Protein chains: 2
Amino acid sequence: MNKVYVVGIGPGGADQITPRAREAMNRAEVLCGYTVYIDLVRPLYPDKEVFTTPMTRERERCRRCLELARSGRTVAMLCSGDAGVYGMAGPLLQLCPEFPEVEVEVVPGATAALSGGAVLGAPLMHDFCVISLSDLLTPWETIETRLLCAARGDFSICLYNPSSKKRADYLRRACDILLREKAPGTVCGWVRNIGREGQERRVLTLAELREETVDMFTTVFIGSSATREINGWMVTPRGYEAKE
Amino acid sequence: MNKVYVVGIGPGGADQITPRAREAMNRAEVLCGYTVYIDLVRPLYPDKEVFTTPMTRERERCRRCLELARSGRTVAMLCSGDAGVYGMAGPLLQLCPEFPEVEVEVVPGATAALSGGAVLGAPLMHDFCVISLSDLLTPWETIETRLLCAARGDFSICLYNPSSKKRADYLRRACDILLREKAPGTVCGWVRNIGREGQERRVLTLAELREETVDMFTTVFIGSSATREINGWMVTPRGYEAKE
């Protein structure tokens, strides 16, 4: 069958992979993905053919998957978290017109906003935005505009890719933009290595977050004006619950 | 053990429930939740004690779960989609201070933004907002502000609760607000009964969406200015891929 499954495997542990995602991997003759994600599922499929590629060159990776599928192999392209949120479903579907004989199925998984949110409590209980601080493919001006709009809308905000070697000060820059609209005491949180060994979490204020050093394995949460710390949890009420 | 698991069961099918969520339900002596969600997992646990409550009265439902846990029962509170996105994790954690002896664990699942997004392709591939059109707990003015801020930030937008008997014209009202900032040709989509029997989908323009009649079982997606329809899929590129 000429088929590519784009599979979200969740935060990492096998217990977070849905039966539907497992079934897609079972059917696949070839598992493809970034080395780290392949390593996560390798123990489940010790004998399955894999091909791994570095973090960049996503389009090349997608093209290779579609070529394998055109040649008759069933392929599963693995993504950490969800297949559709900063994952590979987009780049792969963009190449589809060149591979009309290949069927694509997108299999969802829990993205870091959900799996990290669960570790902190319920930071995204009400309306929220997800914004990546990576300017590899997006001009920083666009990221700034989105941060400002998200703050003006009083959304809870989840930040992906908050830092990297090249972007060590990006979280601070983001906090400075958010602080134009949000109070320094706004309840925030971060989770590192979600659902993996060495998982860490912290609930803190926006002013404290500005001074925090985080790495690329960290997901950051900024509360709305209604978000509160309750028994160490980060909790955003659902609207105005007094009405209930 | 005095424990409540707040469990996201995903869009509905058993194949979308993670092993971690299943394990929480296995451990639970009592399954609690809105009737429709209990019915979804009932076949998996025909003999397990359940208590169901109507859609409203969430706080009452959470209090009952915490009381059961305090009395020594292990409880699993089920939520469709994710436990943290318009789910029960928030209301339950808000009551925690009254039940210091009860341990709470939040188990994530795929919310409709992810499971519906996978049906349409990759509408939320880049930065996005999730907004509920329900004004049961949120003033409509707040919803309007968030729609406008999301549009000004050129986010992809996922709309929950786009309609109900009482709110038949809310999607049209939302589209009118978005049309102040977004082009009428903006690529949009909707999915009905995600992952359940009778699943339907449509990719259409924002102008067409304004005229569309949807129900409360529908999740709506509005693209960013970069979102395209490709072979019937709704696809948002990841930033400016020319850079790749």
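Everything below is about the structure printed above this text.
Keep in mind the model is a prediction, meaning the values are calculated, not measured.

Draft legend 1. Representation of the packing of aromatic side chains in the model. Residue and element names in this part refer to chain A. Counted according to the given criterion, the structure contains 6 aromatic pairs over all chains. Between Tyr 34 and Tyr 37 the ring centres are 5.3 Å apart and the planes differ by 80°, which places this aromatic pair in the edge-to-face class. Where Trp 140 meets Tyr 170, the ring centres are 4.8 Å apart and the plane angle is 55°; that geometry is what we call tilted. You can see Trp 140 sitting in helix α6 (residues 140-152) and its partner Tyr 170 sitting in helix α7 (residues 170-178), a full 30 residues away along the chain. Each of the two residues, Trp 140 as well as Tyr 170, counts as buried.

Draft legend 2. Expanded view of the relation of the copies chain A and chain B. After a rotation of 180° and a shift along the axis of 0.0 Å, chain A superposes on chain B with an RMSD of 0.0 Å. Taken together, the rotation and translation relating the two chain copies correspond to the operation of a two-fold axis. Both copies present the same face, since 100% of the interface residues in chain A are matched by interface residues at the equivalent positions in chain B.

Draft legend 3. Broad picture of the pattern of salt bridges. Counted according to the given criterion, the structure contains 35 salt bridges over all chains. Ionic pairing is found between Glu105(A) and Arg20(A), a salt bridge with its closest N-O pair at 3.2 Å. You can see Glu105(A) sitting in strand β5 (residues 103-107) and its partner Arg20(A) sitting in helix α1 (residues 19-27), a full 85 residues away along the chain. Ionic pairing is found between Arg146(B) and Asp154(A), a salt bridge with its closest N-O pair at 4.0 Å. You can see Arg146(B) sitting in helix α6 (residues 140-152) and its partner Asp154(A) sitting in the loop between α6 and β8 (156-160), one on each of two chains. Owing to a relative accessible area of 23%, Asp154(A) belongs among the partly exposed residues under this scheme.

Draft legend 4. Here's a closer look at the packing of α6(A) against α7(A). Residue and element names in this part refer to chain A. Close contact between α6 and α7 brings their axes to 9 Å; oriented N to C, the two are set at 45°. Of the possible angle classes, the one that applies to α6 and α7 is oblique. Seen from above, α6 lies across α7 with right-handed handedness. The residues of α7 that touch α6, namely those facing Trp 140, Glu 144, Leu 147, Leu 148 and Ala 151, are Tyr 170, Arg 173, Ala 174, Ile 177 and Leu 178. The class makeup of the residues in the contact of α6 with α7 is 8 nonpolar, no polar and 2 charged.

Draft legend 5. Broad picture of the pairing of strand β2 (residues 30-34) of chain B. Residues and elements named next belong to chain B. Where burial is concerned, most of β2 is hidden: 4 out of the 5 residues are buried. When β2 meets strand β3 (residues 49-53), the two strands line up parallel, connected through 5 bridges. Bridge pairing in β3 places Cys 32 opposite Phe 51. Once you follow β2 into helix α2 (residues 35-41) and on to β3, the crossover reads as right-handed. In the sheet, β2 pairs with strand β4 (residues 74-79) via 3 bridges, with the strands oriented parallel.

Draft legend 6. View of the sheet that holds strand β6 (residues 121-122) of chain A. All names here are of chain A. Here 3 strands make up an open sheet; going across it, the order is β6-β13-β12 and the pairing mixed. The sheet is open, and its two edges are formed by β6 and β12 (228-230), each paired on a single side. Pairing geometry for β12 and strand β13 (residues 233-235), over 3 bridges, is antiparallel. Looking across to β13, one finds that Glu 229 is bridged to Met 234.

Calculation criteria
- Per chain, residues are indexed from 1 in the order of the written sequence.
- Chains and ligands are labelled by the order in which they are written, letters from A for the one and numbers from 1 for the other.
- Local features in this predicted model are restricted to residues of pLDDT 70 or higher, and side-chain atom pairs are both shown and tallied only at a pLDDT of 80 or more, whereas totals for entire chains, interfaces and linings draw on every residue.
- Hydrogens and water molecules were not included; the side-chain quantities draw on all heavy atoms of the structure.
- In this analysis, rings of Phe, Tyr and Trp, with Trp reduced to its six-membered ring, are considered paired at centre separations within 6.5 Å, and the interplanar angle assigns stacked below 30 degrees, edge-to-face beyond 60, and tilted for intermediate values.
- A run of H or I in DSSP counts as a helix once it spans at least four residues, and a run of E counts as a strand once it spans at least two, with each numbered from the N terminus.
- Only protein chains enter the accessibility calculation, which uses a 1.4 Å probe; a residue is then buried when its area is under 20% of its type maximum, exposed when over 50%, and partly exposed in between.
- A residue counts toward the fit only if its pLDDT is at least 70 in both copies, and the copies are then superposed by least squares on the C-alpha atoms of those residues.
- Any pair of residues with heavy atoms lying within 4.5 Å of one another is described as a contacting pair.
- We count a salt bridge whenever a side-chain nitrogen from Lys or Arg sits within 4 Å of a carboxyl oxygen from Asp or Glu.
- The axes are straight lines fitted to the C-alpha atoms, using for helices just the contacting stretch, and the angles between their N-to-C directions are given from 0 to 180°.
- When an angle is under 35 degrees it counts as roughly parallel; over 145 it counts as roughly antiparallel; between 65 and 115 it counts as roughly perpendicular; any other value is oblique.
- When the near helix sits turned anticlockwise from the far one by under a right angle, the crossing is termed left-handed; a clockwise turn instead gives a right-handed crossing.
- Any residue that is not Ala, Val, Leu, Ile, Met, Phe, Trp, Tyr, Cys, Pro, Asp, Glu, Lys or Arg is counted as polar, Gly included; the first ten are nonpolar and the last four charged.
- Strand pairing is defined by DSSP finding a minimum of two bridges between the two strands.
- By definition, the crossover connecting two strands over a helix is right-handed if that path, from the first strand to the second, turns clockwise as seen with the strands pointing away from the viewer.

The values are spatial; any link to function lies outside them.
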